[in-house]
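Given next are the chains, with one letter for each unit.
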There are 2 protein chains.
Amino acid sequence: MQTTGVAVIGFGTVGTGVVRLLTEDADRLADAAGCRLRLRRVCDLDLDRPRSVDVPPDLLTADADACVSDPEVQVVVETVGGTGAAVDLMKQALTAGKDVVTANKAALAERGAELFEAARRADRSIGFEAACAAGVPVIRAIRDGLIANRLSAIMGILNGTSNYILSRMTATGAAYDDALAQAQAKGYAEADPTLDVSGEDARHKLAILAALGFGTLVDLEDVYAEGIQGVSPHDLQFGGQLGYVLKLLAIARAGDDGLSLRVHPTFIPAGSPLATVSGADNGVLVTGHAVGDTFYTGPGAGEQPTASSIVADVIDAALGRAQQTFRHVTWLAGRCPRRPVQPIDRVRSRYYLRFDVVDKPGVLAGIAGVLGRHDISVASVLQHEPTRPDSVPLVITTHEALEGNVTSAMEEIQDLPSMAGPTVRVRMLDPHQAVETP
Amino acid sequence: MQTTGVAVIGFGTVGTGVVRLLTEDADRLADAAGCRLRLRRVCDLDLDRPRSVDVPPDLLTADADACVSDPEVQVVVETVGGTGAAVDLMKQALTAGKDVVTANKAALAERGAELFEAARRADRSIGFEAACAAGVPVIRAIRDGLIANRLSAIMGILNGTSNYILSRMTATGAAYDDALAQAQAKGYAEADPTLDVSGEDARHKLAILAALGFGTLVDLEDVYAEGIQGVSPHDLQFGGQLGYVLKLLAIARAGDDGLSLRVHPTFIPAGSPLATVSGADNGVLVTGHAVGDTFYTGPGAGEQPTASSIVADVIDAALGRAQQTFRHVTWLAGRCPRRPVQPIDRVRSRYYLRFDVVDKPGVLAGIAGVLGRHDISVASVLQHEPTRPDSVPLVITTHEALEGNVTSAMEEIQDLPSMAGPTVRVRMLDPHQAVETP
């Protein structure tokens, strides 16, 4: 049976998971895959920290250069993270003739072009199933399983931390800060949660999925991102009354005037599969012209789910399939054109707007008038009895409108004398958009 | 760019879909996959019937032998169906050095061993993504994406016809016969729907998924199957009141005393992803020790979704990945042991039992007594005011019990003088079973 040497660089949470699978399940993996994966090196700058898995001491090293040039290593697993040293290591490994497997979405989203170029030059591959939706094999679904389709949309809940926070807020009515604190206590959020709650992490993942699914180069700057910081439980509640669930949704759609690429809090119809993705799970809805809607969901983070996808990619490289994929598939093989991306102002969407207004006659007429003049058609109005004497929330949902028009209308409405606070805008997914090809 | 010749044998619905993709999307497919698929032959006994896609007349033939021996053909797509001539054709094609792609679940479930043996002898591959859940790439998910996992369960809604009928009955309260007639009118059910509604089609698919996921040989006779014929809208309604949705569920679970392989109507907790699979869709929940629960859903039938998966498999063969997979992966490579399968009597499950009883004192005590003596513990009781003078439905759900005990208890209860009709038994999925590793 063929043996493939593996080096794991970065012995943190994910690295530990990979080492655990490769050592504790070695025989079973060999049997399942028909090739033996042999752990040759485990590299980390800090080798003294206790880990939850045993590694023979002679495999441990702090010398990453030695790993990527070791002739006994055919596949290098990079779990260092970040867009600096990790990228250099991956390029070194490729140049040395190793296949690379990584979960590093930041590196792929920001420096994917040069990484792929390095892989092509060396006729090697980069596996990155774990970079999007961790354990859910959505990269394979898009890249291999749906390859016969012209995709029209990829929509995903791609950040487990944000989804956990929003799920808690929805379930318990908790405020954002309290739900964040719970997420941190449970280990679902970092001490500094910015990367997750700002939408930046989902933005990285969307850039990768869109590039793969639409066969295009994606500049990260072209992906609009808005986070969940400051989302109010009131809006989750009002949205719920209208039949919607709030999610941080990453959207890639192909339209006549280019791609729309954006990450923002989105009201999703409660009946959509996307609305069922709860806690720290991820979920991705992929729509193709032949297949229609397909949906994938599962754990979006964690040691073992991430390791599951990384080891699958190692096997893909060991069997020689990953290299074939890399030589041929559009984006990976570098054959893809750059497709135009709509600026956010040109996006069409439905909107949930909440105005804090003074409770007096003519307010609704004034707001509706501004909306009408900006070509924004009202779909529904929700106004409860006032609970505070000075202001009352007025919720308006719109039919599909142009984002730029909504921005202009919001600015104009903000100047009306009847406004008692800032306006909240949340984009809404049409029921038919959530389940069908547009 | 490399060119791969493709022959499509069987020019019915699915064959038409494949021909459509290969001809109308030829350039885009070549660009996406980095290899050109050239349609060389389209074979059917009836070439006069009008089709919805144009084929150059010189490609059409009624001579299947010529297709499978044509030196210009590298991949043979079999859409003839059945376990007779189709199997012979596939074996001929493999022996002639062609890779084979098929959606023929009956052939794979009943004669998979000899087909795979023929493929191995010829060092060729058989692609069958389209055989389970049509357009949803669940074969790739299990075979490639989750390969690093020890799977504990595969649970699927694998028959679109049955799911459509049950979805209609649930949504409208229609009787089985009416819902079946609607399914037939919409083209979701055949004039003779037996294969679908008896559970036989799902049984074929489950046998394939279980063999692949558990790396074992599966004898079709070891897969227990019960269909949806005669399901009563009353039970759907009672189940709904208890928070459950009825689905024809295919279950493969690995336990200490062997595999449990079965297809039967099952009450699924309304919160489970499986419960959201509606209409003619399919959905599969796959649980692995590393990844946890992952879920896949989408169109489970139809010309285009099936063709989507077939063409993906053709590309896999054209790129040389399918052959690598076939050489190595356990079941396909013929390295797998036969794992013991639990007889249905040894299965443990929760149960929904509906008794039609005469409305008089002591009835519940009598039934509960029998259940208790068979080690069956009652979880809930639901009895409505009688609507008919002579009998009243009494619904009892149980905690986990042994199927054999339930069968014995039902026989004993049936002899009680208070019984006014036959007892209905529906297996229930525990909420934790529907979403977590057991």
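Residues numbered from 1 in each chain as written. Chains lettered and ligands numbered in written order. Predicted model: local features only at pLDDT ≥ 70, side-chain atom pairs only at ≥ 80, totals over all residues.

Structural notes on the overall build of chain A
Of the regular secondary structure elements, chain A holds 17 helices and 17 strands. Here the C-alpha radius of gyration of chain A, 24 Å, is about what a compact globule of 438 residues would show, namely 22 Å. Evaluated residue by residue, chain A yields a buried proportion of 57% over its 438 residues. (Helix = DSSP H or I, 4+ residues; strand = E, 2+ residues; numbered from the N terminus. Rg over C-alpha atoms; globule rule 2.2 N^0.38 Å. Buried ≥ 20, exposed ≤ 12 C-beta atoms within 10 Å, placed from the backbone.)

Concerning the relation of the copies chain B and chain A
When chain B is fitted onto chain A, the two copies agree to an RMSD of 0.0 Å after a turn of 180 degrees and an axial shift of 0.0 Å. This pairing of chains is accounted for by a two-fold axis. Same-surface contact between copies: 100% of interface residues of chain B are shared with the interface of chain A. (Least-squares fit on C-alpha atoms with pLDDT ≥ 70 in both. Contact = placed C-beta atoms within 7 Å.)

What to know about the sheet that holds strand 6 (residues 126-127) of chain A
Residues and elements named next belong to chain A. The parallel open sheet is built from six strands, whose spatial order is 3-2-1-4-5-6. Edge positions in the sheet fall to strand 3 (60-61) and strand 6, since each has one partner strand and no second. In this structure, strand 4 (residues 75-78) lies alongside strand 5 (residues 99-102), joined through four bridges in parallel fashion. Following the sheet pairing, E78 is matched in strand 5 by T102. (Pairing = 2+ DSSP bridges.)

Looking at the nonpolar core
Ranked by internal contacts, the top residues of the largest apolar core, which has 300 residues, are V8(A), V77(A), L206(A), V314(A), V77(B), L206(B) and V314(B). Not counting residues up to four positions away in its chain, the partners in contact with L206(A) are G156(A), L158(A), V223(A), A250(A), A252(A), L261(A) and V263(A). (Core = buried A, V, L, I, M, F, W, Y, C linked by C-beta atoms within 7 Å.)

As for the interface of chain B and chain A
Each partner contributes to the interface: chain B provides 54 residues, whereas chain A provides 54 residues. Those elements that place two or more of their residues in the side of chain B that touches chain A are helix 2 (26-33), helix 6 (138-145), strand 12 (292-299), helix 12 (303-318), helix 13 (321-328) and helix 14 (330-333) of chain B. Among the residues forming the side of chain B that touches chain A, the class breakdown is 25 nonpolar, 18 polar and eleven charged. Strand direction decides the pairing type here: strand 12 (residues 292-299) of chain A and strand 12 of chain B, joined by three bridges, are antiparallel. If you follow F295(A) over to strand 12 of chain B, its bridge partner there is T297(B). (Nonpolar A, V, L, I, M, F, W, Y, C, P; charged D, E, K, R; others polar.)

Quick notes on the domain arrangement of chain A
Residue and element names in this part refer to chain A. Annotation of chain A at the domain level lists domain 1 (3-134 + 305-333), domain 2 (139-299) and domain 3 (347-431). Each of domain 2 and domain 3 has a C-alpha centre, and these two points are 25 Å apart. In this assembly, 17 residues from domain 2 lie in contact with 14 residues from domain 3. Counting only elements with at least two residues in the side of domain 2 that touches domain 3, the list comes to helix 11 (233-241) and strand 10 (258-269). (Domains from an automatic or database assignment.)

Examining helix 16 (residues 403-414) of chain B
Residue and element names in this part refer to chain B. The terminal C-alpha atoms of helix 16, which comprises twelve residues, lie 16 Å apart, in line with the 16 Å expected from a rise of 1.5 Å per residue. Residues of helix 16 that are buried: E403, V406, A409, M410 and I413. Around the axis of helix 16, the buried residues are gathered within 120 degrees of arc, so they sit on the same side. If you follow the buried residues of helix 16, they end up packed against strand 13 (348-357), helix 15 (363-373), strand 16 (401-402) and strand 17 (424-428). (Expected span 1.5 Å × (residues − 1). Arc of directions from axis to C-beta.)

Focus: unusual backbone geometry
Residues and elements named next belong to chain B. Even without a glycine there, the phi angle at D123 is positive, about 50 degrees. In this fold, D123 is placed in the loop between helix 5 (105-122) and strand 6 (126-127). At A133, a residue that is not glycine, the phi angle is positive and equals roughly 65 degrees. Its location among the elements puts A133 in the loop between strand 6 and helix 6.

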